[in-house]
Each structure stands twice: as C-alpha cells, then as structure tokens.
Amino acid sequence: MTLYRATFMHTPESPFTAPDALQVQEDGGLLVEDGRILASGPYAEVRANSPRAEVVDLRGGVLLPGFIDTHVHYPQVRVLGGLGMQLLEWLDKNTLPEEARLSDPTYARAVAREFLSALASNGTTTALVFGSHYASAMEVFFEEATRTGLRVVAGQVVSDRLLRPELHTTPERAYTEGKALIERWHGVGRALYAVTPRFALSASEALLDACGALMREFPDVRFTSHINENPREVQTVLELFPGARDYLDPYEQAGLVTHRSVLAHNVHPTDRELGVMAAHRCSAAHCPCSNSALGSGLFPLRRHLQAGVHVALGTDVGGGTGFSMLKEGLQAYFMQQLLGTAGVPLGPAHLLYLSTRAGAQALDLGDLTGDFGVGKAFDAVCLRPPEGTTLDTVLNHADSPERMLADLFTLGTQQDVAQVWVGGDPVYRRVPAGQEVGV
Ligand SMILES: O=c1[nH]c(=O)c2nc[nH]c2[nH]1
Ligand SMILES: [Zn+2]
C-alpha cells in the first residue's frame, strides 16, 4: 500500500451544474493499493487508519487527476506547426502527405513512440486517439501503447474518397481490418478500440455502414469522427449527401451516434444536431487551439450546454498546437471570453473538469478514472514548476487553492509536469535539473 501525501484537487461533479464542484485537500492523503484508490481525505486522517503504508511525499507540488485528451491524432505529431491554412488546404498540403508515410511500419513505430512519450510528459493519462489509415501502423501503435501503460482508446482511420488514393480503403476492407484489430486489441491491457471514419467528407454511405456493422457486432467499442469544423467542409458534406438533413445525419443513419460516440469540433452545429447528440448522449470534443490555429471558429459552448450535450476537451494534435491540456483549457477560457455575452464564463474548476472528469465520462470510463474518488484508478499528474520560474513565483503567492489552479492553467507547461502515474504505475518522471543527458 502506498500513501501519496500532496495538495490535491479534483472535480468529481460538474461545475456546470454543481456550484462547489472543486474539491481540495491542501494536506491530503490518497491511499493506493493495486493501482486503485482505497481512501482519500486529509493526510492525518488517512495516515491514522493506515499507519504501515509507505508514504510518498509530494508536498510542494499540486496533484491533479491525469489529463484526458478526447481528440488527438497519432500520425500528426511531426507536422505540428503548419500555420496559415484552413482545414481542407491544411489536410492536403500539411497533413495527408505525412499520414501516407505511416505505410512503413518502421516509420510508424518511431512516430508512435514520439506521440506516446509526448502524451505522458504532458500529464495525459488517457487519450481518444485518432489513428492511422494503415492497419499495420495500428498494430505498431497498440504494441507501443501497451508498453507505456497509458490508457488509449484508438482505432484505424478509414476513408474511401477525396483524400489521396494510397489512404483509401473499401467498405469490405474497413470491416475486415477493423474486426481483426478489435479482436486483437480491444480490452487488452489498458487499450480500447474506437471505430474511426475520418469524416463524412471522405466516407461513402457504404463505408459508414461498414463502421455501423462493427459497432453493432462489438457494442462496447467506442466511436469517433469529426463534425462541423469548417464552413467549406460542412458545405461539401451537404453536397456529397444530398438527402441529408445536416452533417450529423449520415452518421446517425449508420447507427454511429451513441453514448460511446465522441464527435470532434462541432463549431457550426444546427439545433437539430445538438438535440440528437443530447438524446443519444453523444459527446463533443472541443478543441480550442485547433479551432484557433485553423480559423475554424468560436465553439458555441452555451448552445451545447443548453441542449444537454456533454462536452470534453481535445488537443487535436496536429491541427492544434501541442499536447498540453493546460494550454487547451486556457484557450477554451479565452474563446468563451471572446464570445462576450454569448460565451460561458469559465473558472479554474471548469477547466479542470473539462480536462479530466468530462473526458472520462465522454469515453464511458467515468467509473474508472477522471477524479480521485475511492475505487477509481490512481491516474494522476504531479505539477511542480522548476524553482525560479514565473509559475513558481506566482504559486508561492497564490492566496487560495482555486487561484493556484487558475495559475497552473495560465502558466503551466510541459516543463512543470514532474511525475505521472496510470493505475498506480509510474509512466513519466521529469529528469532532475542538472542530470539531463549531455549536461
Ligand atoms: O482537425 C482536423 N484534423 C484532421 O486530421 C481532420 N481530418 C478530417 N477532418 C479533420 N479535422
Ligand atoms: Zn482532428
């Protein structure tokens, strides 16, 4: 048994509905056995009940639930930084040429390692990962993910039109390769499978039906895709599906809109789409850095909440600007501020919820991870800025835990991630200053 002593904060309830959702223990204790939290509370109390547990002293840092990134592309880590374009040009010039390189499993393995290491070193413990178009690159990805111990929900991306021929599949092949990957990887270690057509623009009705067949055959796999990101994209989808009521309709007709479905972006939804998503408990992955970088628009969070659509956060690497969920939270805050009275004022508790518990719920993993409740897995990130940094100064002068949390979202970066655990297993530890290779 291990007892972690730390200042910890979490949001077991949603601050959008519960006013005091942020729970804080300034000198807290989390007792962990076999990767699960056995007791949680003030350190002195937990210690008194478990005097023999080994103590890990994390005082001086802040312990948060591990971040949950609900939309991030594995093949795009090397093409981050493609600025100055909107979605369709960015796909064509910046992104799809790189995605084609993953046909080589050796190349794919190197990219998978870079990607997984970036997740862990940014404090992300669970991710819904948009995969590669190549089944071989997904084999490699799941092998590497299993080695790291991160929780990944991932799937082969499928498309059968309008990308580039080498990225296209057929409905039959999408079904056969998807089935084989599900049978091999879904539920193995900490991996789960997500059926993943790239977007309706690059998917025929027959391909979406093949995805629906997989979802019916394996009802507990997840589903993810893109929706309503960019006005030109939306217009093209409506032209490609002339009978469709809106962008969601082709997904809905194929049986892909469920409580285990996560649709990325949804910047330009209709009221009908929001109503259907809410009725099916389908989640939206809000990706504010990507929406800013690709000029996609300002996410209508208020309309989502009013319609009852569940929202979580995603970095959308490489349309986004990196793997930090702290940065993603801050950008979500900025964009709601820019919306003025149409925006939702977000406080630090909202940002923590959106980047942790909301993600767990979107992935139907709410009973396992996302907060520090008793019975949950010990998935955690310890944030501790290096001495003398601006964040260190500001944290030392914060007058409340809530203000400390706001400071972490405002100034925190990858360099402030000190340690990360998944299911009690260490998956990342920052190299102490002065001990870096080459120093
Ligand atoms: O942000 C995005 N990134 C992508 O790779 C993509 N593909 C389709 N639509 C997309 N949107
Ligand atoms: Zn995306």
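The name given to the protein chain in an unreviewed UniProt entry is Guanine deaminase, and the organism recorded there is Deinococcus metallilatus. The record in UniProt for the protein chain states the following under Catalytic activity (unreviewed entry): "guanine + H2O + H(+) = xanthine + NH4(+)". Turning to the protein chain, the UniProt annotation filed under Function (unreviewed entry) states: "Catalyzes the hydrolytic deamination of guanine, producing xanthine and ammonia."

Undergrad: Whenever I open this one, the layout of surface pockets confuses me. Can you help?
TA: Empty space among the atoms can be located by rolling a probe the size of a water molecule over them. Empty space within the largest pocket amounts to approximately 240 Å³. Taken together, twelve residues form the lining of the largest pocket, with Ala418, Arg430, Val431, Pro432 and Ala433 sitting closest to its centre. Split into classes, the residues belonging to the lining of the largest pocket amount to five nonpolar, two polar and five charged.

Undergrad: Would you take a moment to explain the site of ligand 1 for this structure?
TA: Taken together, the residues surrounding ligand 1 are His73, Gln76, Leu87, Trp90, Leu91, Arg198, Phe199, His226, Glu229, His265 and Asp316. In this structure, a nitrogen atom belonging to ligand 1 sits 2.6 Å away from a side-chain N or O atom of glutamate 229. With respect to ligand 1, the side chain of aspartate 316 contributes an N or O atom lying 2.7 Å from an oxygen atom. Contact with the protein chains covers 100% of the free accessible surface of ligand 1, which is 270 Å². Structurally, ligand 1 is housed in the largest cavity. Per element, the largest residue contribution to the shell around ligand 1 is three residues, and it comes from helix α2 (residues 87-101). Looking at the shell around ligand 1, its residues break down into four nonpolar, four polar and three charged.

Undergrad: Explanation requested: the packing of aromatic side chains in the structure shown.
TA: Centre distance and the angle of the planes are the two values used to describe a pair of aromatic rings. For the coordinates displayed, the defined rule picks out 16 aromatic pairs. Centroid distance phenylalanine 223 to tyrosine 251: 6.1 Å. Interplanar angle 65°. Geometry classified as edge-to-face. One end of the pair, phenylalanine 223, is in strand β10 (residues 222-227); the other, tyrosine 251, is in helix α8 (residues 248-253), and 28 residues separate them in sequence. A residue is classified by how much of its surface remains accessible, and tyrosine 251, at 0% relative accessible area, is buried. Here a set of aromatic residues connected by ring pairs shows up, and it is made of Tyr74, Phe115, Phe141, Phe142, Trp185, Tyr193 and Phe323. It is arginine 78 that lies over the ring of tyrosine 107; its NZ or CZ is 4.8 Å from the centre.

Undergrad: For this particular structure, what's the right way to read the domain arrangement of the protein chain?
TA: Quoted interface sizes are often the accessible area lost when the parts come together. In terms of domain boundaries, the protein chain breaks down into domain 1 (2-66 + 371-429) and domain 2 (67-362). For domain 1 and domain 2, the distance between their C-alpha centroids amounts to 28 Å. With 36 residues of domain 1 at the interface, the matching set in domain 2 holds 31 residues. For the pairing of domain 1 and domain 2, the buried interface totals around 2,600 Å² over both sides, and the portion due to carbon and sulfur atoms is 69%. On the domain 1 side of the interface with domain 2, the three residues burying the most area are Phe16, Gly66 and Phe409, jointly 29% of the side's total.

Undergrad: Any chance you could explain the sheet that holds strand β16 (residues 425-429) here in plain terms?
TA: Strand pairing within a sheet occurs via backbone hydrogen bonds; the two strands may be parallel or antiparallel. Within the open sheet, the seven strands sit side by side as β3-β2-β1-β4-β14-β15-β16. Their pairing is mixed. One side of each edge strand has no neighbouring strand; the edge strands of this open sheet are β3 (36-42) and β16. Averaged over all pairs of adjacent strands, the angle between their axes in this sheet comes to 35°, without regard to strand direction. Summarising the sheet, strand β14 (residues 380-383) and strand β15 (residues 417-422) pair through four bridges and their orientation is antiparallel. Bridging from a neighbouring strand, leucine 383 pairs with valine 417 of β15.

Undergrad: Any chance you could explain empty space enclosed by the protein here in plain terms?
TA: For the structure on display, the rule yields three cavities of 30 Å³ or more. One number sums up the size of the largest cavity: a volume of about 90 Å³. His73, Gln76, Leu87, Trp90, Leu91, Arg198, Phe199, His226, Glu229, His265, Leu294 and Asp316 together form the lining of the largest cavity. Its residues assigned to classes, the lining of the largest cavity comprises five nonpolar, four polar and three charged. Together, Gln156, Val158, Ala174, Tyr175, Gly178, Tyr193, Val195, Thr196, Cys211 and Leu214 line the second largest cavity. Contributions of two or more residues to the lining of the second largest cavity are made by α5 (171-185), β9 (191-197) and α6 (205-217).

Undergrad: Explain the UniProt feature "domain: Amidohydrolase-related" (unreviewed entry) in the protein chain here, please?
TA: With numbering matched to this structure, UniProt assigns "domain: Amidohydrolase-related" (unreviewed entry) to residues 62-427. Annotation note: span residues 62-427, helix share 43%, strand share 17%, distance between end C-alpha atoms 17 Å.

Undergrad: Would you mind going over the packing of helix α12 (residues 325-338) against helix α16 (residues 401-411) with me for this structure?
TA: Two quantities define a packed helix pair, namely the angle between the helix axes and the distance between the axes. Across the interface, α12 lies against α16 with an axial gap of 7 Å and an inter-helix angle of 100°. It follows from the interaxial angle that α12 and α16 lie roughly perpendicular. Two secondary-structure elements touch here, α12 through Met325, Leu326, Gly329 and Leu330 and α16 through Leu408, Phe409 and Thr410. The residue makeup of the contact of α12 with α16, split by class, is five nonpolar, two polar and no charged.

Undergrad: Help me understand the nonpolar core in this model?
TA: The nonpolar side chains of a soluble globular protein tend to be buried, and buried together. Residues Tyr74, Phe115, Phe141 and Tyr251 are the most contacted members of the largest nonpolar core, which totals 120 residues. Ranked by residue count, the leading element in this core is helix α3 (residues 105-121), at eight residues. Shared between two domains, this core takes at least three residues from each, and those domains are domain 1 (2-66 + 371-429) and domain 2 (67-362). Discounting chain neighbours no more than four positions away, the residues touching phenylalanine 115 are Val72, His73, Tyr74, Val77, Val129, Phe141 and Phe323. Tyr4, Ala6, Ala380 and Trp421 belong to the second-largest nonpolar core, a separate cluster that totals 13 residues.

Undergrad: In this structure, what is going on with the pairing of strand β4 (residues 54-65)? I would like to understand it.
TA: The side chains of a regular strand alternate between both faces of the sheet. The sheet contact formed by strand β1 (residues 2-10) and β4 spans six bridges and is parallel. What sits directly across from phenylalanine 8, in β4, is leucine 63.

Undergrad: So what exactly am I meant to see when it comes to the packing of helix α4 (residues 135-148) against α5 here?
TA: At their nearest, the axes of α4 and α5 sit 11 Å apart, and the two run at 15° to each other. As judged from the angle between their axes, α4 and α5 are roughly parallel. The handedness of the crossing between α4 and α5 is right-handed. Residues Ala135, Met138, Glu139, Phe142, Glu143 and Thr146 of α4 form the contact with α5, whose own contacting residues are Glu177, Leu181, Arg184 and Trp185. Grouping the constituent residues of the contact of α4 with α5 by class yields five nonpolar, one polar and four charged.

Each value, and the rule that gives it
Residues numbered from 1 in each chain as written. Chains lettered and ligands numbered in written order. Predicted model: local features only at pLDDT ≥ 70, side-chain atom pairs only at ≥ 80, totals over all residues. Heavy atoms only, no water. UniProt positions renumbered as here; feature names shortened; annotations may be inferred. 1 Å grid on protein atoms, 1.4 Å probe; cavity = no way out; pocket = protein on both sides within 12 Å on 5 of 7 lines; lining within 4 Å. Points joined across faces, edges and corners; volume = space filled by probe spheres on them. Nonpolar A, V, L, I, M, F, W, Y, C, P; charged D, E, K, R; others polar. Near = heavy atom within 4 Å. Polar contact = N/O pair within 3.5 Å; in protein donor to acceptor, adjacent residues only side chain to side chain. Areas by Shrake-Rupley, 256 points an atom, 1.4 Å probe, with all protein chains shown as cover. Sits in = over half its atoms within 2 Å of the grid points. Helix = DSSP H or I, 4+ residues; strand = E, 2+ residues; numbered from the N terminus. Phe/Tyr/Trp six-rings, centres within 6.5 Å; stacked < 30°, edge-to-face > 60°. Buried < 20%, exposed > 50% of the residue type's maximum accessible area, 1.4 Å probe, protein only. Lys NZ or Arg CZ within 6 Å of the ring centre and 35° of its normal. Domains from an automatic or database assignment. Contact = heavy atoms within 4.5 Å. Buried area = accessible area lost by both parts, 1.4 Å probe. Pairing = 2+ DSSP bridges. Axes fitted to C-alpha atoms, helices over the stretch in contact; angles between N-to-C directions. Parallel < 35°, antiparallel > 145°, perpendicular 65-115°, else oblique. Core = buried A, V, L, I, M, F, W, Y, C linked by side-chain atoms within 4.5 Å. Left-handed = near helix turned anticlockwise from the far one by under 90°.

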